[in-house]
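Coordinate analysis (summary)
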Protein chains: 2
Amino acid sequence: MIIVKVGGGREVNLKGVVQDLAGLNEKYIIVHGANAVRDDIATKMGHPTKTVTSVSGYSSVLTDEKAIDAIMMGYAGLQNKRLVELCQQYGINAVGLSGIDGKIVQGARNKGIRVRQNEKTIMMHDYSGKPRSVNHQLITLLLDHGYIPVLCIPILDENNTAINSENDDIVSLLQETLHAGTIIQLIEAPGFMDDIHNADSLVRHISKAELELREAQVEGRMKRKMLALRRLAANGASRIFISDGRVEHPIRDALAGNGTTIQ
Amino acid sequence: MIIVKVGGGREVNLKGVVQDLAGLNEKYIIVHGANAVRDDIATKMGHPTKTVTSVSGYSSVLTDEKAIDAIMMGYAGLQNKRLVELCQQYGINAVGLSGIDGKIVQGARNKGIRVRQNEKTIMMHDYSGKPRSVNHQLITLLLDHGYIPVLCIPILDENNTAINSENDDIVSLLQETLHAGTIIQLIEAPGFMDDIHNADSLVRHISKAELELREAQVEGRMKRKMLALRRLAANGASRIFISDGRVEHPIRDALAGNGTTIQ
């Protein structure tokens, strides 16, 4: 089983991804982002995406009710359905679902984000949280009947309210629950870069042992990404590919080891 | 089996609908509109919904690519997911799907709309069509495992392109395919009105024989609605309720015959 995580940047070659997947013989599910589309919608709807940085240095989207609307429009609406349409055009019988459909992904609301404001530390509450359980039965039911689940946020919190959540955490939980051996992460970069400003700094291989070390070296969102990778590796993902989603054959290249391979 | 068609007007009491459905003992599926939400999104995104009237007097939305985007955002995104969220909050394990997911509804692209423009009759082509087949297997699979399908446009055309389609036609096809005996249509009016401007003109009962007669008396969208009702009745729907979606208990009132009952 492969979990394909497709980044939500504007330059990801979705057509190339779908073309490659159509030729794949293994079972897979897709988890996609849509941050570029979501940001565009949120701005045009008059409620631009807000980002805050917590006191511990992590930056995250501050998700109010209007931001959930934008996630529903951008992730579960436009991006999910255009991706499902592409799949159908290449013979993949995709079923697009958000985490709230059939309780595919349910979690726990965050207690709040501790931020510094006017020299005080305050707690900001929003509609976001961590995924805690996956409806394994529904995903398996669809896969067993020839459907490919195409998943995205929002997910449900413990009170069945729609919330935002990090795709890295969702993919980790899906990997654990479904015992997926292979993870492909398609991003808008050649792979994991030692120096994001240096195109030649692509790291070809990272051993599982190296992940913790690297986690200590990076900051912000990248720190959380490294933590998620470490969790994937610890829970049994035997191969993780971080690869360029912008190329002609994103999946083929990823599996050929053209990006970063973690194993 | 009941098909619940929920109109896409702003005043429909979705919470009341879901509360009532949570107490229902029969199997059902939901088909919802979202025209108010869609129009709002389309306007704010800079591509307001365009309507044309054909030479034969039917008015319809002219669906270009941006209009499909707005349908994906408004129907499959915001309205569908907020409705699914409500269902989850009332203990209904809803799965929101557009017609393109798992090829739930596939159809044939319209040849074009014949419209008068500058004293000429021209054909306008768009992304719209008629539903022709339903993925009965997927709907049954979900129902048999305790999930409630919550369906909306877009649907797929014969080339697997996302297209707009009339919910009345989709409900007719679903009724035929699933052999649904009961149809509930929730609208922003007390029921079928003899005179739309006169609140006292509610028609309590229409016999199946009367439908054809009434179809001849009305025009525009209402004509198409009457045709759809006649088709429902002819194909085995033993009871059709057209009832007010704005009241406290839309489903309960509909089934109690507080709106229009066709049988």
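Position labels on residues start from 1 in each chain and follow its written sequence. Think of it this way: whatever chain is written first is A, whatever ligand is written first is 1, and the rest follow in order. Where local features are concerned, this predicted model is filtered to residues with pLDDT of at least 70; where side-chain atom pairs are given and counted, the filter is 80 or more; whole-chain, interface and lining totals use all residues. Note that the side-chain values use all heavy atoms of the structure and ignore hydrogens as well as water.

Another aspect to go through is the overall build of chain A. Each helix corresponds to a stretch of at least 4 residues labelled H or I by DSSP, and each strand to a stretch of at least 2 residues labelled E; elements are numbered beginning at the N terminus. When helices and strands are tallied, chain A shows eight helices and 16 strands. Both definitions apply: the radius of gyration is a C-alpha atom measure, and the globule rule equals 2.2 Å times residues to the power 0.38. Since a compact globule built from 263 residues should have a radius of gyration of about 18 Å, the 18 Å found for chain A is in line with a globular shape. C-alpha atoms of chain A, sized along the principal axes, occupy 55 × 40 × 35 Å. Only protein chains enter the calculation, and the probe is 1.4 Å; a residue is then buried if its accessible area is under 20% of its type maximum, exposed if over 50%, and partly exposed in between. Looking at chain A as a whole, 57% of its 263 residues qualify as buried. Contacts in chain A between residues at least 24 apart in sequence constitute 72% of all its contacts with a sequence separation of at least 6. For the area figures, the Shrake-Rupley method with a 1.4 Å probe applies, and any residue is considered shielded solely by the protein chains shown. Of the roughly 11,000 Å² of accessible surface on chain A, a fraction of 47% belongs to carbon and sulfur atoms. Taken together, the 30 basic and 30 acidic charged side chains of chain A have centroids lying 3 Å from each other. Residues count as neighbours in contact if any of their non-hydrogen atoms are within 4.5 Å of one another. Charged-residue counts in this description rest on Lys and Arg as positive and Asp and Glu as negative, His and the chain ends being excluded. For charged residues, the charge sits on one atom: NZ in Lys, CZ in Arg, CG in Asp, CD in Glu.

Here we take up the relation of the copies chain A and chain B. Note: a rotation about an axis with an accompanying shift along it relates these two copies of the chain. To line up the copies, we fit them by least squares on C-alpha atoms, keeping just the residues with pLDDT of at least 70 in both. Of the two same-sequence chains, chain A is brought onto chain B (RMSD 0.0 Å, axial shift 0.0 Å) by a rotation of 180°. Taken together, the rotation angle and the small translation identify this as a two-fold axis. The overlap is high: 100% of the interface residues of chain A also sit at the interface in chain B, so the same surface is used on both sides.

Moving on, we come to the packing of helix α1 (residues 14-22) of chain B against helix α3 (residues 65-89) of chain B. All names here are of chain B. Working convention: axes come from line fits to C-alpha atoms, limited for helices to the stretch in contact. Angles between N-to-C directions cover 0 to 180 degrees. Contact geometry for α1 and α3: axes closest at 9 Å, N-to-C directions at 45°. With respect to α3, the element α1 is oriented oblique. The crossing of α1 and α3 is right-handed. Between α1, through L14, K15 and V18, and α3, the contact on the second element is made entirely by Q79, L83, L86 and C87. Under the scheme applied here, ten amino acids are nonpolar (Ala, Val, Leu, Ile, Met, Phe, Trp, Tyr, Cys and Pro), four are charged (Asp, Glu, Lys and Arg), and all others, including Gly, are polar. Its residues assigned to classes, the contact of α1 with α3 comprises five nonpolar, one polar and one charged. We call two directions roughly parallel when the angle between them is under 35 degrees, roughly antiparallel when it is over 145, roughly perpendicular when it lies between 65 and 115, and oblique otherwise. Less than a right angle of anticlockwise turn of the near helix away from the far helix marks a crossing as left-handed, whereas a clockwise turn marks it as right-handed.

Next up on the list: the confidence of the model for chain A. Scored between 0 and 100, pLDDT is the confidence that the predictor attaches to each residue. Per-chain confidence: chain A averages 94 in pLDDT, with 100% of residues scoring 70 or above. Two numbers describe this predicted complex: its pTM, 0.96, and its ipTM, 0.96.

Let's shift gears to unusual backbone geometry. Cis rather than trans, the peptide bond between A:I153 and A:P154 has omega equal to 5°. Within the secondary structure, A:P154 is located in the loop between β10 (148-152) and β11 (155-156). At B:E119, a position not held by glycine, the phi torsion is positive, near 65°. Residue class for B:E119 comes out exposed when judged on its relative accessible area of 74%. In this model, B:N160 sits at a positive phi of 60°, which is unusual for a non-glycine residue. In this fold, B:N160 is placed in the loop between β11 (155-156) and β12 (162-163). Judged by its relative accessible area of 13%, B:N160 falls in the buried class.

As a further point, take helix α6 (residues 208-217) of chain A. Residue and element names in this part refer to chain A. Those residues of α6 lying buried are L211, R214 and E215. On an axial view of α6, the arc spanned by its buried residues comes to 105°, and they lie on one face. Relative to its buried face, α6 has exposed residues pointing more than 90 degrees away, namely A209, L213, A216 and Q217. Arc definition: it is the arc formed by the directions from the helix axis to the C-beta atoms.

This paragraph deals with the pattern of salt bridges. When charged atoms on two side chains of opposite charge get close, those side chains can pair. The working definition used for a salt bridge is a side-chain nitrogen of Lys or Arg within 4 Å of a carboxyl oxygen of Asp or Glu. Applying the stated rule across the entire model yields 32 salt bridges over all chains. In this structure, A:D144 engages A:K27 in a salt bridge whose closest nitrogen and oxygen atoms are separated by 3.2 Å. Of this pair, A:D144 sits in helix α4 (residues 136-144) while A:K27 sits in the loop between α1 (14-22) and β2 (28-32), and the two are 117 residues apart along the sequence. Taking relative accessible area as the criterion, A:K27 reaches 42% and is therefore assigned partly exposed. Across the pair B:R224 and B:E166 runs a salt bridge whose closest N-O atoms are separated by 3.3 Å. Of the two residues, B:R224 sits in helix α7 (residues 220-234) while B:E166 sits in the loop between β12 and α5 (167-178), which places them 58 residues apart along the sequence. A cluster of three or more residues bridged by salt bridges with shared partners is formed by A:K5, A:D168 and A:K225.

All names here are of chain B. Counting buried positions along strand β13 (residues 182-187) gives five out of six residues, so the element sits mostly inside the fold. Pairing analysis gives five bridges linking strand β1 (residues 2-6) to β13, with the strands arranged parallel. Residue pairing in the sheet places V4 in a bridge with I184 of β13. Strand pairing is assigned whenever DSSP identifies at least 2 bridges connecting the two strands.

What follows concerns the state of the cysteines. Linking two cysteines covalently via their sulfur atoms produces the bond known as a disulfide. Residues and elements named next belong to chain A. To count as a disulfide, a pair of cysteine sulfur atoms needs to be within 2.5 Å. Inspection of every chain in the model, using the stated rule, returns zero disulfides over all chains. With no disulfide partner, C152 has as its closest neighbouring cysteine sulfur the one in C87, 13 Å distant. Assessed through its relative accessible area of 4%, C152 is described here as buried.

To continue, consider helix α3 (residues 65-89) of chain A. Residues and elements named next belong to chain A. The terminal C-alpha atoms of α3, which comprises 25 residues, lie 34 Å apart, in line with the 36 Å expected from a rise of 1.5 Å per residue. Considering bend angle alone, the principal kink of α3 is centred on N80 and spans about 35°. Burial of α3 is extensive: 21 of the 25 residues sit out of reach of the surface. Directly beyond the C-terminal end of α3, a positive phi value near 80° is found at G91. Expected helix span is computed as 1.5 Å times (number of residues minus one). The angle between axes fitted to the seven residues ending at a residue and the seven residues starting there is what we call the bend at that residue.

Right, let's get into the nonpolar core. Note on terminology: a nonpolar core comprises buried Ala, Val, Leu, Ile, Met, Phe, Trp, Tyr and Cys residues joined through side-chain atoms within 4.5 Å. A:I139, A:L174, B:I139 and B:L174 are the most contacted members of the largest nonpolar core, which has 152 residues in total. If we ignore the near neighbours within four places in the chain, the residues touching A:L174 are A:I3, A:I29, A:V31, A:V134, A:I139, A:L151 and A:H179.

So, about the sheet that holds β13(B). Residue and element names in this part refer to chain B. Taken together, eight strands build an open sheet; the order of strands is β5-β10-β2-β1-β13-β15-β16-β14 and the sheet is mixed. Looking along the sheet, the strands with just one partner apiece sit at the ends: β5 (94-98) and β14 (205-206). The strands that helix α4 (residues 136-144) touches are β2 (28-32), β5 and β10 (148-152); relative to β10, the one it contacts most, it runs at about 140°.

This part is about the packing of α3(A) against α3(B). Packing of α3(A) against α3(B) leaves a shortest axis separation of 8 Å and a crossing angle of 120°. Comparing the axis directions of α3(A) and α3(B) gives the class oblique. The hand of the α3(A)/α3(B) crossing is right-handed. On α3(B), the residues touching A:E65, A:I68, A:D69, A:M72, A:M73, A:A76, A:G77, A:L78, A:K81, A:R82 and A:E85 of α3(A) are B:E65, B:I68, B:D69, B:M72, B:M73, B:A76, B:G77, B:L78, B:K81, B:R82 and B:E85. Grouping the amino acids of the contact of α3(A) with α3(B) by side-chain chemistry returns ten nonpolar, two polar and ten charged.

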